[in-house]
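Summary of structural features
One letter stands for each residue in the lines below.
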Protein chains: 2
Amino acid sequence: MLSQKQKELIEQIGIYFEQGMQPAAARILALLIVSDQNSFSFDEIRELLKLSKSATSNGINFLLSLNKIEYFTKSGDRKRYFTWNPANTITHFKEGIEKVLGLSILFEKTLKLKEDKDSLNAQKLLELSGLMSFLHKELPIIYKKWEKQYRQLKLKEK
Amino acid sequence: MLSQKQKELIEQIGIYFEQGMQPAAARILALLIVSDQNSFSFDEIRELLKLSKSATSNGINFLLSLNKIEYFTKSGDRKRYFTWNPANTITHFKEGIEKVLGLSILFEKTLKLKEDKDSLNAQKLLELSGLMSFLHKELPIIYKKWEKQYRQLKLKEK
DNA sequence: CTTTTAGTTCTATTTTTGCAGAACTATAAG
DNA sequence: CTTATAGTTCTGCAAAAATAGAACTAAAAG
């Protein structure tokens, strides 16, 4: 069902995802991304990851609420089959970066409160928030550049 | 010593920093960034943030070990005076972004294991790791662009 | 040598997080 | 109506994280 390599990747990717969700949810998401099987039932997830019913249920519902996964049903079968929702993942990735850059706003606010704007502290704060907001402005340009390049790559394939 | 606005910023910035360190350490760092006072002794930090000696000591040493803060001493005074080490902060920020992009390597590894490389799952994985590594390549260019712009800004000031 | 000071380390609590497993619910099938 | 299935929710526990405060240490001052 899962090779050793796949298991390792689930763990490693899971660690990245744990920033922002519980270990169980992180591994469920990693499983749906890594595996070759294109959908998993509740109990399959439960057994593969050796989780309890509650951990599985909570993890799945957490991921559903964030639109990171979705499910479909088969007629004459009560089970739900869960899959990764890759369509939103790029958006989520972009949002993740956006969030980090929210810190620049707090740094700008801090700067405004500074009595001595010429201190090293204030100067560096300006530099840092400057870099952050510069990056923030540049990112959409990068994304466009990539999309263009990516579209051409796809065309070539055909 | 600390205005209401400063206290709020310490809490808010602290929340960002808590990803990666204990709440106490996060607030100590935020304090050193936000305050107008340019250095703080152990006991000043302790009292302002209402921390225990151990929490203060551990927090300070953690931040020192990561080079996020530094200290100086005054002759005829045994205390250490701690300050934010802004010089490294930009480096730390860049490293933080680097780390996130490490996920792209794991996604590439995942892709290699995929039996069906034409599945939506595999395609999106390729797209995602592609975006990530593209961004990774573009970042140094952005940094240079910013540095150039920033240097000109500084020259104008003079 | 004794005392003071600044800070560290150790021990014990408290708080938080995460999960297991049982009890429960809702729905559909028979 | 009864039973089976799929999943949720509740209760409780265990491990980990974070902190408090006391005991301790190192070094300088007197």
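Above this text is the structure in question.
Right, let's walk through the structure included here. (Residues numbered from 1 in each chain as written. Chains lettered and ligands numbered in written order. Predicted model: local features only at pLDDT ≥ 70, side-chain atom pairs only at ≥ 80, totals over all residues. Heavy atoms only, no water.)

Some words on the packing of helix H5 (residues 89-113) of chain A against helix H6 (residues 120-157) of chain A
The description of two packed helices rests on the angle between their axes and on the distance between the axes. Residue and element names in this part refer to chain A. Let me state the cut-off plainly: For helices, the axis comes from a line fit to the C-alpha atoms of the stretch in contact; other axes are also lines fit to C-alpha atoms, and the angle between any two N-to-C directions lies between 0 and 180 degrees. Secondary structure elements are taken from DSSP: a helix is a run of H or I of four residues or more, a strand is a run of E of two residues or more, and numbering for both begins at the N terminus. Oblique is the label for any angle not under 35 degrees, not over 145, and not in the 65 to 115 range, which are roughly parallel, roughly antiparallel and roughly perpendicular in turn. Note on convention: the crossing is left-handed when the near helix lies turned anticlockwise from the far helix by less than a right angle, right-handed when the turn is clockwise. The nonpolar class holds Ala, Val, Leu, Ile, Met, Phe, Trp, Tyr, Cys and Pro. Asp, Glu, Lys and Arg form the charged class, and all remaining residues, Gly among them, are polar.
Contact geometry for H5 and H6: axes closest at 8 Å, N-to-C directions at 155°. Classified by the angle between their axes, H5 and H6 sit roughly antiparallel to one another. As for the relative orientation of H5 and H6, their crossing is left-handed in sense. Of the residues that constitute the contact of H5 with H6, the class distribution is 16 nonpolar, five polar and four charged.

Let's talk about the protein's contact with DNA strand D
Our working rule: The nearness test applies per residue and asks whether one of its heavy atoms lies within 4 Å of the molecule or strand. Think of a polar contact as two N or O atoms within 3.5 Å of one another; within protein, one of them needs to be a possible hydrogen donor and the other a possible acceptor, and neighboring residues in sequence only count if both atoms come from side chains.
Around DNA strand D sit 17 residues, and of these Ser57, Arg78 and Arg80 of chain A together with Ser52 and Ser54 of chain B come closest. For DNA strand D, the backbone portion of the atoms within 4 Å of the protein, that is sugar and phosphate, comes to 55%. Measuring from a base oxygen of DNA strand D, one finds a side-chain N or O atom of arginine 78 of chain A at 2.5 Å. In this structure, serine 52 of chain B approaches DNA strand D through a main-chain N or O atom, which is 2.5 Å from a phosphate oxygen. Mapped by element, the contributors of at least two residues to the surface near DNA strand D are helix H4 (53-65) of chain A together with helix H2 (23-34) and helix H4 (53-65) of chain B. The residue makeup of the surface near DNA strand D, split by class, is five nonpolar, six polar and six charged.

As for unusual backbone geometry
Located in the positive-phi region is asparagine 67 of chain A, a residue other than glycine, with phi close to 65°. You can see asparagine 67 of chain A is positioned in the loop between H4 and strand S2 (69-73).

Quick notes on the protein's contact with DNA strand C
Surrounding DNA strand C, one finds 17 residues, the nearest of these being Ser52 and Ser54 of chain A together with Ser57, Arg78 and Arg80 of chain B. Backbone sugar and phosphate groups make up 56% of those atoms of DNA strand C lying within 4 Å of the protein. One of the side-chain N or O atoms of serine 54 of chain A is found 2.7 Å from a base nitrogen in DNA strand C. Here lysine 53 of chain B contributes a side-chain N or O atom positioned 2.9 Å from a base oxygen of DNA strand C. Grouping the amino acids of the surface near DNA strand C by side-chain chemistry returns five nonpolar, six polar and six charged.

Digging into the sheet that holds strand S2 (residues 69-73) of chain B
Residue and element names in this part refer to chain B. Let me state the cut-off plainly: Two strands qualify as a pair provided that DSSP identifies no fewer than 2 bridges between them.
Read from one edge to the other, the open sheet built from three strands follows the order S1-S3-S2, with strand pairing classed as antiparallel. Each edge of the open sheet is held by one strand with a lone partner, namely strand S1 (40-41) and S2. Summarising the sheet, S1 and strand S3 (residues 80-84) pair through two bridges and their orientation is antiparallel. Note on S3: the bridge partner recorded for serine 41 is tyrosine 81.

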